[in-house]
Amino acid sequence: MLFVLTAGVLSISIGDAVSSDGDVSQTIKKAMVPTNDAVKINTPMPITESTVLVSTRHQGGQFRTETRKNRIERFRCSQCHNNKPVTATDAAPIAHNDIVLDHGGVDKPLDCMTCHNQDDRDYLVTETGTKIDMDHSYEMCGQCHFRQKKDWVGGAHGKRLSYWTGERVVKNCTSCHDPHSPLFKKRWPKTYSPPLAK
Amino acid sequence: MHLRKNKGCRTNQTDNHCAGKQCDRREFLKKAATAAAAGSTAMISGCSNGILSPGEEFKLQWLEYFKKYYRLMTPVEKMETVRRLERLAKIRKGVDVKIGNQEPLDDVLYGYAFNVTRCEGYMECVAACVKENNLDRLSNTQYIRIFEMEHGEMTPDAGDSKFYHEVPVQDHFYMGVQCFHCENPPCVKACPTQATWQEPDGIVVVDYDWCIGCRYCIAACPYYGRRFNWNEPQVPANQITRKQHYLGNRLRAKGQMEKCTFCIQRSRNGRLPACAEACPTGARVFGNLLDPDSEIRFVLKNKKVYRLREDLGTDPKFWYFID
């Protein structure tokens, strides 16, 4: 009996010694080996969204993001935006009147051609003249919003899809922001909280 | 001396020799009671046509009443109680639930970060949490509370948590508060029956059936992280989340304590908690603190972070950060 007690006290004291720092930030600092969660955790359902490999790497390597082109109604743009004359009346308002352009504020308002490629409407174009695929629109946004892009690549801006582990798949800029008026709109909350019981 | 998280369920089974005697007595009582129940069943069904006979529900409930503390159960016993609870849910609610009891993953310590600059107060997380965790609709129980605060405020004491108007409001920011899964949790120390403890992956959980409803933990928690079932929780059968966990969102009863479990039924399967998945602004970051490549580690390394009431020494694993 005495032996069991002594052993118990010993094990408790050892346990305390191991975790004597008691500070989670110490635990975090010590953990420097990347864990390969993809091997250990079987994600029951694979992500079904159409994704594309991002050209930039994050701290853990390559990652994927949601595609954009398959969400654009009437893509390809060159179906209408070609050299042939458009015969339908009011074609432009019918096709694009839903777009509210509110990007850049009153000081530096953007127009369509700030981002869209004049010569090849299926693509975007950067300030330096590089053609950008619409699926990689983060390259466009990152020109001005470089801080947000850095955070997005690292994981402090935007969000992952469904899983915290496994292959990293994140939302694209345009998954959450309307590129034509990117600010989140005022709206009613989904629910409310009852008063706190005092 | 305080209980450390490393004394998780698995180690406790071997460590806790002193509990063996208690288990034996419990085992004896259970067997005796089961025998008595069986005897009375036979007796009653022998002399009537079954109207008074204790049904399946009664038998299951009887066995549930005499089951062990979750951390002392063997894997077989865990499986048995899970089966019973699934059957009881079917009998009482007519719902086919799937209750899991996944063990914590190795080399994982869950952490959470909340971007106070990004949150716009849309409350999508609260709604998702209520749905996912089968929270009581009658008393409108919510694990998450969003505070609307003026710029410059640091703690939610001065904030408004009952707002219901169009959001976001000019010159205000929003701060979500829920269980912080402290590394040094005061609620665990306060519990007289050890019904609440910290798992090796950092999640503070409650064995609902071991909770005696004394609510000491509510008093001990400095963050208003715990919720008590003052009434029998009511969840419409068609809204019950069927994928459940023994320590997570399984159906609770009146008089039991409950709290955020980082959606244990989801996170241990690699999924994001419901709040993080529902957030439309990406203000919620969840991940493994022990993985240097994870998003949460990026936030801790590169952003300005703070924790609520850090001076109390509770060491929460929930950080707030600003862009």
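Look above for the structure.
Each value, and the rule that gives it
Residues numbered from 1 in each chain as written. Chains lettered and ligands numbered in written order. Predicted model: local features only at pLDDT ≥ 70, side-chain atom pairs only at ≥ 80, totals over all residues. Heavy atoms only, no water. Pairing = 2+ DSSP bridges. Helix = DSSP H or I, 4+ residues; strand = E, 2+ residues; numbered from the N terminus. Axes fitted to C-alpha atoms, helices over the stretch in contact; angles between N-to-C directions. Contact = heavy atoms within 4.5 Å. Core = buried A, V, L, I, M, F, W, Y, C linked by side-chain atoms within 4.5 Å. Buried < 20%, exposed > 50% of the residue type's maximum accessible area, 1.4 Å probe, protein only. Domains from an automatic or database assignment.

Q: Outline the sheet that holds strand β2 (residues 110–115) of chain B, listing residues and values.
A: Think of a sheet as strands paired side by side through backbone hydrogen bonds, with each pair either parallel or antiparallel. Residue and element names in this part refer to chain B. With mixed pairing, four strands are arranged side by side in an open sheet as β10-β2-β12-β11. Single-partner strands in this sheet number two, and they are β10 (284–288) and β11 (304–306). Between one strand and the next, the sheet's axes are offset by a mean angle of 30°, whatever the strand orientation. Examined bridge by bridge, β2 and β10 share five bridges and lie antiparallel to one another. The residue bridging Gly111 from the neighbouring strand is Gly287, located in β10. Seen against the sheet, helix α10 (residues 295–302) touches β2, β10, β11 and β12 (318–322) and runs at an angle of roughly 110° to β10.

Q: A description of the nonpolar core should follow, citing residues and the corresponding values.
A: If you look at the biggest cluster of nonpolar residues, it comprises 72 residues, and the most contacted ones within it are B:Ile144, B:Ile146, B:Met175, B:Phe180, B:Tyr246 and B:Tyr320. The two domains that each donate at least three residues to this core are domain 1 (9–94) and domain 2 (110–322) of chain B. Once residues within four sequence positions are removed from consideration, B:Tyr320 is found in contact with B:Phe114, B:Val116, B:Met175, B:Gly176, B:Val177, B:Phe180, B:Lys304, B:Val305, B:Tyr306 and B:Leu308. Of all hydrophobic cores here, the second largest spans 14 residues; its members include A:Ile28, B:Leu109, B:Phe298 and B:Val299.

Q: Now, about the pairing of β2(B): what can you tell me, with residues and values included?
A: Residue and element names in this part refer to chain B. Burial within β2 is extensive, with six of its six residues counted as buried. Covered by surrounding structure in β2 are Tyr110, Tyr112 and Phe114 together with Gly111, Ala113 and Asn115, the residues of both alternating faces. Summarising the sheet, β2 and β12 pair through four bridges and their orientation is parallel. Within β12, the position partnered with Phe114 by the bridge is Tyr320.

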